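Read off the chains here:
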Amino acid sequence: MLGLDQWVAGFSDGATLLIVALVAVLLGLRHATDPDHLAAVTTLIAGAEQRATKAAARLGFSWGLGHASSLFLFGAPIVLFNAYLPAQVEQAAEATVGVLIIGLAVWLLVRWRRGSFRVHQHPHSPVPMRRPLQAFGIGLLHGAGGSAGVGILLLASIHDRVLALAALGIFATCTALSMAALSTGLGRVLASAPLRTSFDRLAPALALLSLSFGAWYALGALDLAPYFF
């Protein structure tokens, strides 16, 4: 995906504010579909006690808002002062993203094991659903990983620092809105009659898939993936 991002960002080189804004929008929309984002949000929404469209949209937007806050917080020093995080810190942040996905997958498995997704489950589940504030915190941690790559793309194509900062803000905002849109669609699918009645069988497979991806992502960030995969 990095090649696609660089190709899109290249259109803003020396362009007007409108073109830069459009490029930032496109990068934000593309960034929302990164596999690690999809894995985290899918597991987050699937494990919620309420998988209705509105509840999924709230969780997805809260997650995206937290992610956008981290992008801007860590990206601003990069686009303004070329101040990058140390490589070890960036590597640790990426590994944390993988651990976070693993944690969400384990949480989904725990809810499934306790029978929270059975059609005739007791209405008062002992495992609480994720709140928007919790989703915001998860997004905040997730956004810390990979922020340097975002800054590099913007710095490579935008030479005006004020314009770069504005583009970073648009990029972060579009990522949050895109995650809300994707979560809304996911919530609609999971709340549909066929999946609602069969989700108890789907949940463990979804959790194990996210668990495997999270382990691969974390080990890859630490350059250990070749030893396990």
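Residues numbered from 1 in each chain as written. Predicted model: local features only at pLDDT ≥ 70, side-chain atom pairs only at ≥ 80, totals over all residues. Heavy atoms only, no water.

## Re the overall build of the protein
Moving on, step 1. In terms of regular secondary structure, the protein is built from nine helices and zero strands.
Moving on, step 2. Beginning at the N terminus, the succession of helices and strands in the protein can be written as α-α-α-α-α-α-α-α-α.
Moving on, step 3. A fraction of 81% describes how many contacts in the protein between residues 6 or more apart in sequence connect residues 24 or more apart.
Moving on, step 4. If you sum the accessible surface of the protein, you get close to 11,300 Å²; carbon and sulfur atoms cover 71% of it. (Helix = DSSP H or I, 4+ residues; strand = E, 2+ residues; numbered from the N terminus. Contact = heavy atoms within 4.5 Å. Areas by Shrake-Rupley, 256 points an atom, 1.4 Å probe, with all protein chains shown as cover.)

## Overview of unusual backbone geometry
Moving on, step 1. For aspartate 223, which is not a glycine, the phi torsion comes out positive at approximately 60°.
Moving on, step 2. Mapped onto the elements of the fold, aspartate 223 is located in the segment after α9 (193-221).

## A short note on the packing of helix α3 (residues 35-46) against helix α8 (residues 161-190)
Moving on, step 1. For the pair α3 and α8, the least separation of the axes is 10 Å and the interaxial angle reads 45°. Here α3 lies oblique to α8, going by the angle between them. Note on packing geometry: the crossing formed by α3 with α8 is right-handed. Taken together, the residues of α8 that come into contact with α3 (itself represented by His37, Leu38, Val41, Thr42, Ile45 and Ala46) are Met179, Leu182, Ser183, Leu186, Gly187 and Leu190.
Moving on, step 2. Residue composition of the contact of α3 with α8, grouped by class: eight nonpolar, four polar and no charged. (Axes fitted to C-alpha atoms, helices over the stretch in contact; angles between N-to-C directions. Parallel < 35°, antiparallel > 145°, perpendicular 65-115°, else oblique. Left-handed = near helix turned anticlockwise from the far one by under 90°. Nonpolar A, V, L, I, M, F, W, Y, C, P; charged D, E, K, R; others polar.)

## A few points about a nonpolar patch on the surface
Moving on, step 1. Taken together, the side chains of Leu22, Leu26 and Leu29 present a nonpolar region at the surface, about 270 Å² in accessible area.
Moving on, step 2. Residue position: leucine 22 is located in helix α2 (residues 17-31). (Patch = residues over 30% accessible without salt bridge, like charges linked within 9 Å, V, L, I, M, F, W, Y side chains within 5 Å. Salt bridge = Lys/Arg side-chain N within 4 Å of Asp/Glu carboxyl O.)

## With respect to the nonpolar core
Moving on, step 1. Membership of the largest hydrophobic core comes to 28 residues, with the highest contact counts inside it found for Leu44, Ile45 and Trp63.
Moving on, step 2. Listing elements by their share of this core, those giving two or more residues are α3, α4 (53-81), α5 (87-113), α6 (132-143), α8 and α9.
Moving on, step 3. In this structure, Val79, Leu163, Ala167 and Leu168 belong to the second largest nonpolar core, which totals seven residues. (Core = buried A, V, L, I, M, F, W, Y, C linked by side-chain atoms within 4.5 Å. Buried < 20%, exposed > 50% of the residue type's maximum accessible area, 1.4 Å probe, protein only.)

## Focus: the confidence of the model for the protein
Moving on, step 1. On average, residues of the protein carry a pLDDT of 76, and 76% of them reach 70 or more.
Moving on, step 2. Counting contacts from residues 122-129, a segment whose pLDDT is below 50, to residues more than four positions away or on other chains yields 16 contacts. (pLDDT = per-residue confidence, 0-100.)

## Looking at the packing of aromatic side chains
Moving on, step 1. This model, assessed by the stated rule, comprises two aromatic pairs.
Moving on, step 2. With a centroid separation of 5.6 Å and 45° between ring planes, the pair formed by phenylalanine 213 and tryptophan 216 is classed as tilted. Taken together, the residues phenylalanine 213 and tryptophan 216, both in helix α9 and three residues apart, mark about one turn of the helix.
Moving on, step 3. According to the relative accessible area criterion, tryptophan 216 is partly exposed, its value standing at 41%. (Phe/Tyr/Trp six-rings, centres within 6.5 Å; stacked < 30°, edge-to-face > 60°.)

## Description of the environment of threonine 96
Moving on, step 1. Looking at the element boundaries, threonine 96 is found in helix α5.
Moving on, step 2. Its relative accessible area of 39% is what places threonine 96 among the partly exposed residues.
Moving on, step 3. Taking C-alpha positions, threonine 96 is 7.8 Å from leucine 141, a pair spaced 45 residues apart along the chain.
Moving on, step 4. Of the polar contacts made by the side chain of threonine 96, one reaches the backbone oxygen of alanine 92; its length is 2.8 Å. (Polar contact = N/O pair within 3.5 Å; in protein donor to acceptor, adjacent residues only side chain to side chain.)

## Some points on the side chain of histidine 142
Moving on, step 1. Checked against the element boundaries, histidine 142 lands in helix α6.
Moving on, step 2. Ignoring sequence-local partners within four residues, the contact set of histidine 142 consists of Asp36, His37, Ala40, Trp63, His67, Val97 and Leu100.

## Some words on α5
Moving on, step 1. The terminal C-alpha atoms of α5, which comprises 27 residues, lie 39 Å apart, in line with the 39 Å expected from a rise of 1.5 Å per residue.
Moving on, step 2. Just beyond α5, the residue with positive phi is glycine 115, at close to 80°. (Expected span 1.5 Å × (residues − 1).)

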